[in-house]
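A structural walkthrough
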Amino acid sequence: MRDLLEQAGSLAAIPRPVLIRGERGTGKELLARYLHELSMRHDQPFVAINCAAFTDELLNAEMFGHEKGAFTGATEARIGKLEQAHGGTLFMDEIGNMSTAFQESILRVVEYQEFQRVRGTKTIRVNVRMLSATNADMEELIRAGVFRADLYDRLSFAVLAVPPLRQRKADIPHLIVHFVKQLHEELPNLTPRSFARETVEAMLDYYWPGNIRELRNVVERLYVFGSAETIEPSALPPEIAGTARGTGVPGEGSFHEQVEAFRRHLIIEAFNACDQNQREAARRLRMTYDQFRHYFRKYLQG
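The structure contained in this document is the topic of the report that follows. Numbers given for residues are sequential positions, taken from 1 along each chain in its written order. Owing to the predicted nature of the model, reporting of local features is limited to residues with pLDDT of at least 70; listing and counting of side-chain atom pairs is limited to 80 or more, with chain, interface and lining totals taken over all residues. Side-chain measures here rest on the full set of heavy atoms in the structure, leaving out hydrogens and waters.

Glancing now at the overall build of the chain. Only DSSP runs of H or I covering at least 4 residues are called helices, and only runs of E covering at least 2 are called strands; the numbering of each starts at the N terminus. When you go through the chain residue by residue, the secondary structure sums to 14 helices and nine strands. Here the chain holds 302 residues, and 45% of them are scored as buried. Residues count as neighbours in contact if any of their non-hydrogen atoms are within 4.5 Å of one another. Summarising the internal contacts of the chain: among those between residues at least 6 apart in sequence, 70% fall at separations of at least 24. Accessible areas in this description were obtained via Shrake-Rupley with a 1.4 Å probe; residue shielding takes into account the shown protein chains only. Carbon and sulfur atoms form 49% of the exposed surface of the chain, whose accessible area is close to 16100 Å². By the counting rule applied here, Lys and Arg register as positive and Asp and Glu as negative, while His and the ends of each chain are not counted. Charged side chains are reduced to one point each, which is NZ for Lys, CZ for Arg, CG for Asp and CD for Glu. Side chains of the chain carry 38 positive and 40 negative charges; the gap between the two charge centres is 3 Å. Exposed residues in this analysis have more than 50% of their type's maximum accessible area, buried residues have under 20%, and partly exposed residues fall in between, with area computed by a 1.4 Å probe over protein chains only.

This paragraph deals with the sheet that holds strand S3 (residues 89-93). Two strands make a pair as long as DSSP finds a minimum of two bridges between them. The parallel open sheet is built from five strands, whose spatial order is S2-S3-S6-S1-S7. Two strands bound the open sheet, and with one partner strand each, they are strand S2 (46-50) and strand S7 (158-161). Neighbour-to-neighbour, the strand axes of the sheet open up by a mean angle of 20°, direction not taken into account. Bridge count between strand S1 (residues 18-21) and S7: four bridges; the pairing is parallel. Across the sheet, leucine 19 pairs through a bridge with valine 159, a residue of S7. Seen against the sheet, helix H1 (residues 2-12) touches S1, strand S6 (129-134) and S7 and runs at an angle of roughly 155° to S7. Angles here are taken between N-to-C directions and fall from 0 to 180 degrees, while the axes themselves are lines fitted to C-alpha atoms, restricted in helices to the stretch in contact.

Looking now at a nonpolar patch on the surface. A grouping of Leu5, Tyr34 and Leu38 is seen on the molecular surface, where their side chains present a nonpolar patch of about 240 Å² in accessible area. Relative to the elements of secondary structure, tyrosine 34 occurs in helix H2 (residues 28-38). With relative accessibility at 32%, the residue tyrosine 34 sits in the partly exposed group. Residues qualify for a patch when their relative accessible area is over 30% and they have no salt bridge, like charges being joined within 9 Å and the nonpolar side chains of Val, Leu, Ile, Met, Phe, Trp and Tyr within 5 Å. We define a salt bridge as a side-chain nitrogen of Lys or Arg found within 4 Å of a carboxyl oxygen belonging to Asp or Glu.

Moving on: the environment of aspartate 137. You can see aspartate 137 is positioned in the loop between S6 and helix H6 (138-143). With a relative accessible area of 45%, aspartate 137 lands in the partly exposed category. The sequence separation of aspartate 137 and phenylalanine 46 amounts to 91 residues, and the corresponding C-alpha distance is 26 Å. At 3.1 Å, the side chain of aspartate 137 and the backbone nitrogen of glutamate 140 are in polar contact. Each polar contact in these results corresponds to two N or O atoms within 3.5 Å; when the atoms are within protein, one needs to be able to donate a hydrogen and the other to accept it, and residues that are neighboring in sequence are counted only if both atoms are side-chain atoms.

So, on to the pattern of salt bridges. Overall, the coordinates contain 16 salt bridges when judged by the stated rule. Measuring nitrogen to oxygen at the nearest pair gives 3.1 Å for the salt bridge that ties arginine 216 to glutamate 220. Residue arginine 216 and its partner glutamate 220 are located together in helix H10 (residues 211-225), separated by four residues, close to a single helical turn. A relative accessible area of 21% means that glutamate 220 is categorised as partly exposed. Sharing partners across several salt bridges, the network here consists of Glu67, Glu83 and Arg117.

As a further point, take the nonpolar core. Each nonpolar core is a collection of buried residues, namely Ala, Val, Leu, Ile, Met, Phe, Trp, Tyr and Cys, held together in the definition by side-chain atoms within 4.5 Å. Counting 28 residues, the largest nonpolar core has Met63, Leu90, Met92, Met98 and Ile106 as the members making the most contacts within it. Those elements that place two or more of their residues in this core are S2, helix H3 (56-64), S3, helix H5 (100-112) and helix H7 (149-155). By residue number, the principal contributor to this core is H5, which donates five residues. Residues contacting methionine 92, with those up to four places away along its chain left out, are Ile49, Cys51, Met63, Met98, Ile106, Met130, Leu131, Ser132, Ala133 and Leu155.

The subject of this paragraph is H10. Taking 1.5 Å of rise per residue, 15 residues should cover 21 Å, and H10 covers 21 Å from first to last C-alpha, within 8% of that figure. Buried within H10 are the following residues: Asn211, Ile212, Glu214, Leu215, Val218, Val219, Leu222 and Tyr223. The buried residues of H10 occupy an angular sector of 160° when projected down its axis, which confines them to one face. What a helix is expected to span follows from its residue count: subtract one and scale by 1.5 Å. The arc in question is traced by the directions running from the helix axis to the C-beta atoms.

Orientation of helix H8 (residues 172-186) relative to H10, taken along the N-to-C sense of each, is 55°, at an axis distance of 10 Å. Between H8 and H10, the crossing angle belongs to the class labelled oblique. Helix-helix and strand crossings are classified by hand; for H8 and H10 the assignment is right-handed. Here Ile172, Leu175, Ile176, Phe179, Val180, Gln182, Leu183, His184 and Glu186 of H8 come into contact with H10, specifically with Ile212, Leu215, Arg216, Val219, Glu220, Tyr223 and Val224. Under the grouping applied here, Gly and all other residues not named as nonpolar or charged are polar, the nonpolar ones being Ala, Val, Leu, Ile, Met, Phe, Trp, Tyr, Cys and Pro and the charged ones Asp, Glu, Lys and Arg. Counted by class, the contact of H8 with H10 contains 11 nonpolar, two polar and three charged residues. Any angle that falls under 35 degrees is termed roughly parallel, while one over 145 is termed roughly antiparallel, one within 65 to 115 roughly perpendicular, and all others oblique. Crossing chirality is assigned from the near helix's rotation relative to the far helix, an anticlockwise turn below a right angle marking it left-handed and a clockwise turn marking it right-handed.

Time to look at the packing of aromatic side chains. Two aromatic rings, taken as a pair, are described by how far apart their centres are and by the angle between their planes. Note on ring pairs: Phe, Tyr and Trp rings are taken, using the six-membered ring of Trp, and paired if centres are within 6.5 Å. Classes follow the plane angle, with under 30 degrees stacked, over 60 edge-to-face and the rest tilted. Within this structure, the stated rule accounts for seven aromatic pairs. Aromatic side chains phenylalanine 64 and phenylalanine 115 sit 5.7 Å apart centroid to centroid with 35° between the ring planes, which places their arrangement in the tilted category. Taken together, the positions of phenylalanine 64 in helix H3 and phenylalanine 115 in strand S4 (residues 114-115) put the pair 51 residues apart, joining distant regions of the chain. Judged by relative accessible area, which is 6%, phenylalanine 64 ranks as buried. By relative accessible area, which is 6% here, phenylalanine 115 ends up buried. Relative to tryptophan 208, the ring of tyrosine 206 has its centre 4.7 Å away and its plane inclined at 80°; by these criteria the two rings are edge-to-face. We classify tyrosine 206 as buried; its relative accessible area is 3%. Among the aromatic residues, ring-to-ring pairing joins Phe64, Phe102 and Phe115 into one connected group. Comment: the charge-over-ring label is applied if NZ (Lys) or CZ (Arg) is within 6 Å of the ring centre and within 35 degrees of the ring normal. A cation over a ring is seen here: arginine 279 above tyrosine 289, with NZ or CZ 3.9 Å from the ring centre.

As structure tokens, this is what we get:
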């Protein structure tokens, strides 16, 4: 991580696009904000947009803005993220979800820093530093013809790869302390508690498919909702507590234990990837909602 932050520091002053790659929950947006804060644009806007959160029509309107009457409900003109970020930094998350039509539109912005609002006729020029992020296999998307190679080349003047938490587990105790400190700053009257050594060891053994975001959620739930002075392994979610028996990571334990661990991993990963929406997670795994609910209760509700 120190090497990564040094890399980011050396790139911050160079006004060129940077692509940040890494699994979900690894802190890609935090790294983008770090780049912005170290740059000459630090006193200008940092504007983020999630390219996976909108349909193609809405993404165009969010990014480029729109004129009055551009579509149903557009009762007045509205500036988009590009104009909001003028002079500063635009962070585009989940770029692998851009449609090919939208890629063509954003390519012109990257090249010429100009665009038109939806249903607009006036060309608008901006001065924006482009940062983007993805957890997708971009090389595979390019081979499949669903992502433009020329856009990828322009967005990746430099590439920063954020390692998953399982590859830097020595950070976990420090992150636990950090998240607890933040909790006490937000909730000053919170009763101080401590993590038992065995609890931290079980957390060190866990696979953490949701990375730092998942770790933070677990730490906060354990700390806020518990009552004991010491947080014991028994308080951990089943998928993490199982690591104490060698069943928390696929590939360890007996055949049955490995199957259970992998099934648990799939359920939890889909649940977290779908923003904890069970119906979406069931669709992602091609299961019925009732099937997913069965495993959800088994692995996440005890």
